[in-house]
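Listed here are the chains, written in short residue letters.
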Amino acid sequence: MADLLARHAQMGRVDWIGLRPARRAEVQAVPQVQVGLSGLDGDRARAGKRAVTLIQAEHLPVIAGVLGVDAVTPDALRRNLLISGINLGALKGREIAVGGAVLRLTVICAPCSRMEETFGFGGYNAVRGHGGWCAEVVTPGLVTRGDVVRVVD
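Residues numbered from 1 in each chain as written. Predicted model: local features only at pLDDT ≥ 70, side-chain atom pairs only at ≥ 80, totals over all residues. Heavy atoms only, no water.

1. Observations concerning the overall build of the protein
A tally of helices and strands in the protein yields 5 helices and 11 strands. Taking 15 Å as the expected radius of gyration for a compact globule of 153 residues, we find that the protein reaches 15 Å, a close match to that expectation. The C-alpha extent of the protein, read off along each of the three principal axes, is 40 × 35 × 25 Å. Within the protein, the proportion of its 153 residues that are buried is 44%. Split by element, the accessible area of the protein, about 7,800 Å² in all, is 52% carbon and sulfur. Side chains of the protein carry 18 positive and 14 negative charges; the gap between the two charge centres is 6 Å. (Helix = DSSP H or I, 4+ residues; strand = E, 2+ residues; numbered from the N terminus. Rg over C-alpha atoms; globule rule 2.2 N^0.38 Å. Buried < 20%, exposed > 50% of the residue type's maximum accessible area, 1.4 Å probe, protein only. Areas by Shrake-Rupley, 256 points an atom, 1.4 Å probe, with all protein chains shown as cover. Lys, Arg positive; Asp, Glu negative; His and termini not counted. Charge placed at Lys NZ, Arg CZ, Asp CG, Glu CD.)

This is the structure in C-alpha coordinates:
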(Lines give C-alpha, C1' and ligand atoms only; values in the text may rest on other atoms or scores of the structure.)
Protein backbone atom coordinates (compact mmCIF):
# COMPACT_ATOMS: atom_id res chain seq x y z
CA MET A 1 0.00 0.00 0.00
CA ALA A 2 2.84 2.42 0.83
CA ASP A 3 4.18 1.95 -2.69
CA LEU A 4 0.79 2.84 -4.20
CA LEU A 5 0.47 5.92 -2.00
CA ALA A 6 3.91 7.14 -3.12
CA ARG A 7 3.06 7.10 -6.84
CA HIS A 8 1.77 10.11 -8.76
CA ALA A 9 1.01 10.10 -12.47
CA GLN A 10 2.83 13.39 -12.97
CA MET A 11 4.21 16.42 -11.19
CA GLY A 12 1.99 19.41 -10.59
CA ARG A 13 2.29 23.03 -11.67
CA VAL A 14 1.62 26.44 -10.10
CA ASP A 15 -1.08 28.03 -12.29
CA TRP A 16 -1.85 31.14 -10.23
CA ILE A 17 -0.60 33.00 -7.15
CA GLY A 18 -2.79 35.24 -5.01
CA LEU A 19 -2.09 37.49 -2.03
CA ARG A 20 -4.61 38.63 0.57
CA PRO A 21 -3.00 41.82 1.91
CA ALA A 22 -5.63 42.38 4.61
CA ARG A 23 -8.81 40.84 5.96
CA ARG A 24 -11.60 41.26 3.40
CA ALA A 25 -9.24 43.02 0.95
CA GLU A 26 -9.35 42.10 -2.72
CA VAL A 27 -7.02 39.24 -3.64
CA GLN A 28 -4.07 40.39 -5.74
CA ALA A 29 -2.78 38.03 -8.44
CA VAL A 30 1.02 38.15 -8.78
CA PRO A 31 3.44 36.37 -11.13
CA GLN A 32 5.82 35.34 -8.34
CA VAL A 33 6.23 35.60 -4.60
CA GLN A 34 8.81 35.00 -1.92
CA VAL A 35 7.63 32.44 0.62
CA GLY A 36 8.95 32.99 4.14
CA LEU A 37 8.40 30.97 7.30
CA SER A 38 5.25 32.96 8.03
CA GLY A 39 3.79 32.49 4.55
CA LEU A 40 3.79 34.49 1.33
CA ASP A 41 5.35 37.96 1.49
CA GLY A 42 2.51 40.48 1.24
CA ASP A 43 -0.14 38.02 2.42
CA ARG A 44 -1.91 38.34 5.77
CA ALA A 45 -1.24 34.73 6.80
CA ARG A 46 0.91 33.85 9.79
CA ALA A 47 3.41 31.12 10.57
CA GLY A 48 2.16 27.67 11.40
CA LYS A 49 0.10 24.93 9.83
CA ARG A 50 -2.07 27.43 7.90
CA ALA A 51 0.69 29.71 6.55
CA VAL A 52 -0.08 28.96 2.88
CA THR A 53 -3.33 27.87 1.24
CA LEU A 54 -3.48 25.77 -1.92
CA ILE A 55 -6.38 24.75 -4.10
CA GLN A 56 -6.62 22.15 -6.84
CA ALA A 57 -7.29 23.70 -10.28
CA GLU A 58 -9.31 20.66 -11.25
CA HIS A 59 -11.83 21.47 -8.49
CA LEU A 60 -12.80 24.87 -9.93
CA PRO A 61 -15.10 23.36 -12.60
CA VAL A 62 -16.65 21.11 -9.94
CA ILE A 63 -17.48 24.11 -7.74
CA ALA A 64 -18.85 25.96 -10.78
CA GLY A 65 -21.00 22.96 -11.67
CA VAL A 66 -22.44 22.74 -8.15
CA LEU A 67 -23.17 26.47 -8.22
CA GLY A 68 -24.73 26.27 -11.68
CA VAL A 69 -22.37 28.86 -13.18
CA ASP A 70 -19.98 28.75 -16.13
CA ALA A 71 -16.75 29.27 -14.20
CA VAL A 72 -15.20 30.03 -10.81
CA THR A 73 -11.95 31.96 -10.59
CA PRO A 74 -9.24 31.22 -7.99
CA ASP A 75 -9.34 34.73 -6.50
CA ALA A 76 -12.98 34.19 -5.48
CA LEU A 77 -11.86 31.31 -3.23
CA ARG A 78 -9.19 33.46 -1.54
CA ARG A 79 -6.47 30.80 -1.65
CA ASN A 80 -2.78 31.54 -2.27
CA LEU A 81 -1.74 28.94 -4.83
CA LEU A 82 -3.71 27.29 -7.62
CA ILE A 83 -2.09 23.94 -8.38
CA SER A 84 -2.89 21.65 -11.32
CA GLY A 85 -1.82 18.18 -12.38
CA ILE A 86 -1.28 16.50 -9.00
CA ASN A 87 -3.84 15.40 -6.41
CA LEU A 88 -3.30 17.63 -3.39
CA GLY A 89 -5.52 15.39 -1.26
CA ALA A 90 -3.03 12.56 -1.76
CA LEU A 91 -0.26 14.74 -0.34
CA LYS A 92 -1.61 15.37 3.18
CA GLY A 93 1.29 15.30 5.63
CA ARG A 94 3.84 15.15 2.81
CA GLU A 95 6.53 17.67 1.94
CA ILE A 96 6.27 19.14 -1.53
CA ALA A 97 8.62 21.40 -3.45
CA VAL A 98 6.71 24.32 -4.91
CA GLY A 99 9.23 26.20 -6.98
CA GLY A 100 12.04 27.07 -4.57
CA ALA A 101 9.98 26.56 -1.40
CA VAL A 102 9.14 23.39 0.47
CA LEU A 103 5.70 23.11 2.07
CA ARG A 104 4.01 20.41 4.17
CA LEU A 105 0.29 19.97 3.60
CA THR A 106 -1.40 19.96 7.00
CA VAL A 107 -5.20 20.32 7.08
CA ILE A 108 -8.16 20.83 4.79
CA CYS A 109 -8.84 24.49 4.10
CA ALA A 110 -12.53 24.67 4.90
CA PRO A 111 -14.66 27.34 3.26
CA CYS A 112 -15.70 30.37 5.26
CA SER A 113 -19.06 32.11 5.43
CA ARG A 114 -17.76 34.59 2.85
CA MET A 115 -18.47 32.00 0.18
CA GLU A 116 -22.17 32.85 0.61
CA GLU A 117 -21.33 36.53 -0.04
CA THR A 118 -19.16 35.66 -3.02
CA PHE A 119 -21.30 33.01 -4.70
CA GLY A 120 -24.75 33.59 -3.21
CA PHE A 121 -27.14 31.13 -1.63
CA GLY A 122 -25.47 27.71 -1.28
CA GLY A 123 -21.95 29.02 -1.90
CA TYR A 124 -20.59 27.61 1.34
CA ASN A 125 -21.78 24.08 0.58
CA ALA A 126 -20.62 24.31 -3.03
CA VAL A 127 -17.04 24.76 -1.83
CA ARG A 128 -17.16 22.11 0.94
CA GLY A 129 -14.83 19.26 0.06
CA HIS A 130 -13.25 21.33 -2.71
CA GLY A 131 -11.77 24.25 -0.73
CA GLY A 132 -8.16 23.12 -0.86
CA TRP A 133 -5.43 22.56 1.71
CA CYS A 134 -3.41 24.51 4.23
CA ALA A 135 0.34 24.10 4.49
CA GLU A 136 3.20 25.04 6.74
CA VAL A 137 6.46 26.34 5.34
CA VAL A 138 9.37 23.92 5.77
CA THR A 139 11.89 25.79 3.61
CA PRO A 140 11.42 29.38 2.38
CA GLY A 141 11.95 30.14 -1.31
CA LEU A 142 10.71 31.85 -4.45
CA VAL A 143 7.55 30.59 -6.17
CA THR A 144 6.74 31.63 -9.73
CA ARG A 145 3.68 30.92 -11.85
CA GLY A 146 4.51 27.85 -13.95
CA ASP A 147 6.82 26.31 -11.34
CA VAL A 148 6.78 22.55 -10.88
CA VAL A 149 5.17 20.98 -7.80
CA ARG A 150 6.70 17.66 -6.72
CA VAL A 151 6.89 15.41 -3.70
CA VAL A 152 10.22 15.63 -1.85
CA ASP A 153 9.87 13.21 1.08
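From this point on, the discussion continues.
2. Details of the nonpolar core
Core analysis: the largest hydrophobic core is formed by 25 residues, its most contacted members being Val35, Val52, Leu54, Leu81, Leu103 and Val143. Those elements giving two or more residues to this core turn out to be strand 1 (12-19), strand 3 (32-36), strand 5 (52-56), strand 6 (81-84), strand 7 (95-98), strand 8 (101-108) and strand 9 (133-139). Filtering out sequence-adjacent residues up to four positions away, valine 35 remains in contact with Leu40, Val52, Ala101, Leu103, Val137, Pro140, Gly141 and Val143. Counting 14 residues, the second-largest nonpolar core is a separate cluster that includes Leu60, Ala64, Met115 and Val127. (Core = buried A, V, L, I, M, F, W, Y, C linked by side-chain atoms within 4.5 Å. Contact = heavy atoms within 4.5 Å.)

3. Notes on the environment of alanine 97
The topology assignment puts alanine 97 in strand 7. Between the C-alpha atom of alanine 97 and that of valine 143, which follows or precedes it by 46 residues, the distance is 9.6 Å. In contact with alanine 97, other than residues within four places in its own chain, are Val102, Val148, Val149, Arg150 and Val152.

4. Quick notes on the state of the cysteines
Under the counting rule described, the total for this entry stands at 0 disulfides. With no disulfide partner, cysteine 134 has as its closest neighbouring cysteine sulfur the one in cysteine 109, 3.8 Å distant. (Disulfide = S-S within 2.5 Å.)

5. Considerations on the layout of surface pockets
Gaps between atoms show up when a probe of the same size as a water molecule is rolled over them. A volume near 590 Å³ is recorded for the largest pocket. As for the largest pocket, its lining consists of 21 residues, of which Arg20, Arg44, Thr53, Arg79 and Cys109 are closest to the centre. Its residues assigned to classes, the lining of the largest pocket comprises 9 nonpolar, 2 polar and 10 charged. (1 Å grid on protein atoms, 1.4 Å probe; cavity = no way out; pocket = protein on both sides within 12 Å on 5 of 7 lines; lining within 4 Å. Points joined across faces, edges and corners; volume = space filled by probe spheres on them. Nonpolar A, V, L, I, M, F, W, Y, C, P; charged D, E, K, R; others polar.)

6. Some words on the pattern of salt bridges
As enumerated under the stated definition, the model contains 5 salt bridges in all. Note that glutamate 95 is salt-bridged to arginine 104, the shortest N-O span being 2.5 Å. Assessed through its relative accessible area of 26%, arginine 104 is described here as partly exposed. Taking the shortest distance from any N to any O, the salt bridge between glutamate 136 and arginine 104 comes out at 2.8 Å. Of this pair, glutamate 136 sits in strand 9 while arginine 104 sits in strand 8; the two residues are 32 residues apart in sequence, bridging distant segments of the chain. What makes glutamate 136 partly exposed here is its relative accessible area of 25%. (Salt bridge = Lys/Arg side-chain N within 4 Å of Asp/Glu carboxyl O.)

7. Describing the sheet that holds strand 4 (residues 39-40)
Spatial ordering of the open sheet is given by 4-3-10, a layout of 3 strands whose pairing is antiparallel. Looking along the sheet, the strands with just one partner apiece sit at the ends: strand 4 and strand 10 (141-144). Bridge count between strand 3 and strand 10: 4 bridges; the pairing is antiparallel. In the strand pairing of strand 10, glutamine 34 is matched with leucine 142. (Pairing = 2+ DSSP bridges.)

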